[in-house]
Amino acid sequence: MRRIARWLGMAALLALLAVWGLALRPVSLGGPATFVAIRGDSMEPTYHSGDLVVLFSADRYEPGDPIGYRVPEGELGAGLVVVHRVIGGNGADGYVLHGDGNPAPDPWNPDDGDVVGRVVLRLPLVGSLVAAIRQPATLAALASALVVTLVLFWQPRRPARRRGHAPVAEPRTESGRPF
């Protein structure tokens, strides 16, 4: 039973790695996905602060699509990815975007070169969890816990006895006592 459980666990791990490698690997590692943690309330009630959204690039974006785009250079927050909904425009002339919870459209009209991708998956509160784990104090605590666990539970392997051989006797003095 242990052997079967071990094989099933290994198969599940390999399947999870395959899904990650094919579908959820980040763009920075040559994959198709961009991950963005939502901050603020501009997309409420659709997305909430602390949600993690996964974006995939597309050939075109239609009105109603929630997309992520980079804030233009020279603007406050330049380079950050903002997730808002397309309400008009096109990729050549620029999209008109609007946050679901905002009273007015965005001041920028990003074109296809600025758009990161369309939202395809929302993971509630996972963005907050990732942000908490990335804090230096949390990383230090996790590293310390790993070291303590390794020290407490690591046991050196003893050489296995070979079958069919008698154990080697300890060396003894002439009187029969061990050295």
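Let us look at the structure shown here. (Residues numbered from 1 in each chain as written. Predicted model: local features only at pLDDT ≥ 70, side-chain atom pairs only at ≥ 80, totals over all residues. Heavy atoms only, no water.)

**Side note on unusual backbone geometry**
Excluding glycine, residues mostly carry a negative phi; peptide bonds, for their part, are mostly trans.
Part 1 of the argument: Cis geometry is found at the peptide bond from glutamate 44 to proline 45, where omega equals 10°.
Part 2 of the argument: With respect to the helices, strands and loops of the structure, proline 45 is situated in the loop between β1 (33–37) and β2 (52–56).
Part 3 of the argument: With a phi close to 65°, leucine 125 is a non-glycine residue in the positive phi region.
Part 4 of the argument: In this fold, leucine 125 is placed in the loop between β6 (115–123) and α2 (126–133). (Helix = DSSP H or I, 4+ residues; strand = E, 2+ residues; numbered from the N terminus.)

**Points about the packing of aromatic side chains**
The geometry of an aromatic ring pair is captured by two quantities: the separation of the ring centres and the angle between the planes.
Part 1 of the argument: Overall, the coordinates contain two aromatic pairs when judged by the stated rule.
Part 2 of the argument: For the ring pair tyrosine 69 and tryptophan 108, a centre distance of 6.4 Å and an interplane angle of 65° mean the geometry is edge-to-face. Pair noted here: tyrosine 69 is in strand β3 (residues 66–70) and tryptophan 108 is in the loop between β5 (94–98) and β6, with a separation of 39 residues, a long-range link. (Phe/Tyr/Trp six-rings, centres within 6.5 Å; stacked < 30°, edge-to-face > 60°.)

**Description of the environment of valine 71**
Part 1 of the argument: Relative to the elements of secondary structure, valine 71 occurs in the loop between β3 and β4 (81–90).
Part 2 of the argument: Residue classification places valine 71 among the buried positions, given a relative accessible area of 6%.
Part 3 of the argument: It is 7.9 Å that separates the C-alpha atoms of valine 71 and tryptophan 108, two residues lying 37 residues apart in sequence.
Part 4 of the argument: Excluding residues that lie within four positions of it along the chain, valine 71 makes contacts with Leu76, Gly77, Ala78, Gly79, Leu80, Val82 and Trp108. (Buried < 20%, exposed > 50% of the residue type's maximum accessible area, 1.4 Å probe, protein only. Contact = heavy atoms within 4.5 Å.)

**Thoughts on the pairing of β3**
Part 1 of the argument: Most of β3 sits inside the fold, with four of its five residues counted as buried.
Part 2 of the argument: Where β3 and β4 come together, five bridges link them in antiparallel fashion. Counterpart to isoleucine 67 in the pairing with β4 is histidine 84.
Part 3 of the argument: Across three bridges, β3 lies against β6 in antiparallel orientation. Bridge pairing links glycine 68 to glycine 117 in β6. (Pairing = 2+ DSSP bridges.)

**Considerations on the sheet that holds β3**
Part 1 of the argument: Read across the sheet, six strands follow the order β1-β2-β6-β3-β4-β5 without closing on themselves; strand pairing throughout is antiparallel. The open sheet has two edge strands, β1 and β5, and neither has a second partner. The sheet shows a mean angle of 50° between the axes of neighbouring strands, taken without regard to direction.
Part 2 of the argument: When β2 meets β6, the two strands line up antiparallel, connected through five bridges. The partner of leucine 52 across the bridge, within β6, is leucine 123. (Axes fitted to C-alpha atoms, helices over the stretch in contact; angles between N-to-C directions.)

**What to know about the side chain of aspartate 51**
Part 1 of the argument: Take aspartate 51: it is sitting in the loop between β1 and β2.
Part 2 of the argument: A polar contact of 2.7 Å, which involves the side chain of aspartate 51, links it to the side chain of arginine 122.
Part 3 of the argument: Each residue touching aspartate 51, except ones within four places of it in the same chain, is listed here: Val36, Ala37, Ile38, Arg122, Leu123, Pro124, Leu125 and Gly127. (Polar contact = N/O pair within 3.5 Å; in protein donor to acceptor, adjacent residues only side chain to side chain.)

**Observations regarding the pattern of salt bridges**
Part 1 of the argument: Summed over the entire model, instances satisfying the criterion amount to four salt bridges.
Part 2 of the argument: Salt-bridge contacts for aspartate 51 lead to arginine 122; the nearest nitrogen and oxygen are separated by 2.7 Å. Taken together, the residues span a long stretch of sequence, with aspartate 51 in the loop between β1 and β2 and arginine 122 in strand β6 at a distance of 71 residues.
Part 3 of the argument: On the basis of relative accessible area, arginine 122 is assigned to the partly exposed category, the value being 33%.
Part 4 of the argument: In this structure, arginine 60 and glutamate 62 form a salt bridge, with 2.6 Å as the shortest nitrogen-oxygen distance.
Part 5 of the argument: Overall, arginine 60 belongs to the exposed group, its relative accessible area being 59%. (Salt bridge = Lys/Arg side-chain N within 4 Å of Asp/Glu carboxyl O.)

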